[in-house]
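# Examining the three-dimensional arrangement
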Amino acid sequence: MKLETLTYDVVVAGGGPGGLPAAIAAARQGVKVLLVEKNGYLGGNLTLGLPLLGYLDLYGNQVIRGIAQEFVDALTEKGACSPHHWCPMHDSVTIYDEEVFKVVAFEKCAEAGVDILLYTQVIDTNVENGRLRSVTLFGKGRRIEVSADVFIDATGDGDVGYLAGATFEMGQKGTGKLQPPTLMCTVDGVNEKELVDYLAEHPEETVLAPTIEVGPHYDASYYRTNPDHHVVVAFRKLFTRLKEQGILPVDRDTLISIQTLTPGRVNLNCTRHMGVDGSDVRDLTRATIDGHLQNLKLIEVLRQYMPGFENARLVRFYPFLGIRETRRFHGIDTLTEEDLLNGVIDETTIGIGSYIIDIHDGGGASTIVKKVMPYGIPYGSTVSKDISNLMFAGRCGSMDSVAMSSLRVMPPLMAMGQGAGVAAAMAVKQNCQPGQIDVAQLRSVLRSDGVMLEPSPDAVSTYPTV
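So, a few notes on the structure that sits alongside this text. Remember, it's a predicted structure, so these values are computed and weren't measured experimentally.

Before going further, it helps to spend a moment on the overall build of the protein chain. A tally of helices and strands in the protein chain yields twelve helices and 22 strands. Computed over its C-alpha atoms, the radius of gyration of the protein chain comes to 21 Å, within 12% of the 23 Å expected for a compact globule of 466 residues. Across its three principal axes, the protein chain shows a C-alpha extent of roughly 65 × 55 × 45 Å. Taken across its 466 residues, the protein chain has 59% of its residues classed as buried. Long-range contacts, defined here as pairs at least 24 residues apart, represent 74% of the contacts in the protein chain between residues at least 6 apart.

Structure representation (structure tokens):
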């Protein structure tokens, strides 16, 4: 088989929430960037019909801007995005058209001068003396060896780091179990008003598990105040009864119904596949098959028992599982649970996170939700401890399991990716390793590019009223 060779300054593996802004940010700094993506489009989990969570903190203050906000602005110009709405459970919800997002992603990469290879994956690495010299790509029967000064692993599962022999951890604190993945689907024909009216008449259905912390007004009044752009997480009483009767086909204790920009169309985030390792192709295969079977049965159950779903019909299954947790690699710094609980924002911060601690129990149907104040994403969490020119952008970065459960959602990962991309370009231009750059200089560049490195001085500290 013929082997092609290419040379770039920066190679980014994975075009999802971490890799896409990393590639754009690096290219804007004037270095030659290749973005490698396994799918035939860019965006990764940004194309799964999930809402954007985490642009606002628990009190409704915006904490993420930069490239992450640029995407929202571009989508808004195309009529494909809602404003950021405060949510008493998720802190904030931003609904957008994931298909239009794919177009915006291509446009942003073209504007920045990012080279793209779709339908391509990293299958091997060449490491010498603790430095990653090249990666081998494979796609459509073609092998391509790419050399670079800096590599950014944004594959989610840390495939590049794994192949390069970097050290990592997996599993939740205390149990070692992985959070279960979900196969989402979209349905049409849902009467949202009927659904919310039922919740108003049956407020007990908005009561969630005692392990879930929510802000005030998490009831029908919130949905009625924000009727077009919200996420319904409710019906624990109904789901529990259906599960006890052997009717419910999913291992879930609540309905999660995500509104879209199309009236009557919602995305369902309801399957949970226990004991699945998202870095194992056999587990992925099993869970994907189960997800298809379970979703179709679930829609039939919702038609019979869920108010507003009487005329629901399947539109599509999503093309791949939404993976919540796999490998977390060791970096020169680590974001920890204590950092989140103490709201640590220091001079190594490259972006702000504030999304809830959101742990889906790998051993059952329960979920743990805890509110946190804004916290800093440390630059060292993007830099490999083991491979001198390897960086991470995404949930495979250096963080403990609890911190990952907050940082794993898309807007804070975009902030993390932008920081990693600018840092990679600085390392190239300064002919040094990512761990040797001046973090103060990196922060200066990020600040000039609109990245929030601390909360606004005008931030409020009280919950909004509904």
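The next subject is the packing of helix α1 (residues 19-28) against helix α2 (residues 66-77). Contact geometry of α1 with α2 gives a least axis separation of 10 Å together with a crossing angle of 105°. The angle between the axes of α1 and α2 places the two elements in the roughly perpendicular class. Residues Leu20, Pro21, Ile24, Ala25 and Arg28 of α1 form the contact with α2, whose participating residues are Ile67, Glu70 and Phe71. Tallied by class, residues from the contact of α1 with α2 come to six nonpolar, no polar and two charged.

In this model, helix α11 (residues 410-430) (21 residues) spans 30 Å end to end at C-alpha, consistent with the 30 Å of a helix rising 1.5 Å per residue. Counting buried positions along α11 yields 19 of 21 residues, so the element is predominantly enclosed.

Let us look at the sheet that holds strand β15 (residues 266-268). Pairing in this open sheet of five strands is antiparallel, and the strands run β13-β14-β15-β12-β16 from one edge to the other. Edge positions in the sheet fall to β13 (231-234) and β16 (313-317), since each of these pairs with one other strand and no more. Each strand of the sheet is rotated relative to its neighbour by a mean of 30°, with strand direction disregarded. Pairing of strand β12 (residues 185-188) with β16 involves four bridges; the strand directions are antiparallel. Counted as the bridge partner of Val187 is Leu314 from β16.

The strand order β6-β3-β2-β10-β22 describes an open sheet built from five strands, whose pairing is parallel. Two strands lie at the open edges of the sheet, namely β6 (115-117) and β22 (390-392), each paired on one side alone. This sheet shows a mean twist of 20° between the axes of neighbouring strands, independent of strand direction. Bridging between strand β10 (residues 150-153) and β22 involves three bridges; their strand directions are parallel. In the sheet register, Asp153 faces β22, and the bridge partner there is Phe392.

Turning next to the nonpolar core. Within the largest apolar cluster, 75 residues are counted, with the highest numbers of intra-cluster contacts made by Val10, Leu20, Val33, Tyr379, Met391 and Leu442. Among the elements that make up this core, the one with the highest residue count is α11 (13 residues). Among all residues touching Tyr379, those that are not within four sequence positions of it are Thr348, Ile350, Met391, Ala423, Pro434, Gly435, Ile437, Val439 and Leu442. Among the nonpolar cores identified, the runner-up in size contains 50 residues, and Ile95, Ile212, Tyr223 and Phe239 belong to it.

The rules behind these values
Residues numbered from 1 in each chain as written. Predicted model: local features only at pLDDT ≥ 70, side-chain atom pairs only at ≥ 80, totals over all residues. Heavy atoms only, no water. Helix = DSSP H or I, 4+ residues; strand = E, 2+ residues; numbered from the N terminus. Rg over C-alpha atoms; globule rule 2.2 N^0.38 Å. Buried < 20%, exposed > 50% of the residue type's maximum accessible area, 1.4 Å probe, protein only. Contact = heavy atoms within 4.5 Å. Axes fitted to C-alpha atoms, helices over the stretch in contact; angles between N-to-C directions. Parallel < 35°, antiparallel > 145°, perpendicular 65-115°, else oblique. Nonpolar A, V, L, I, M, F, W, Y, C, P; charged D, E, K, R; others polar. Expected span 1.5 Å × (residues − 1). Pairing = 2+ DSSP bridges. Core = buried A, V, L, I, M, F, W, Y, C linked by side-chain atoms within 4.5 Å.

Purely geometric stuff here, so don't read any function into it on its own.
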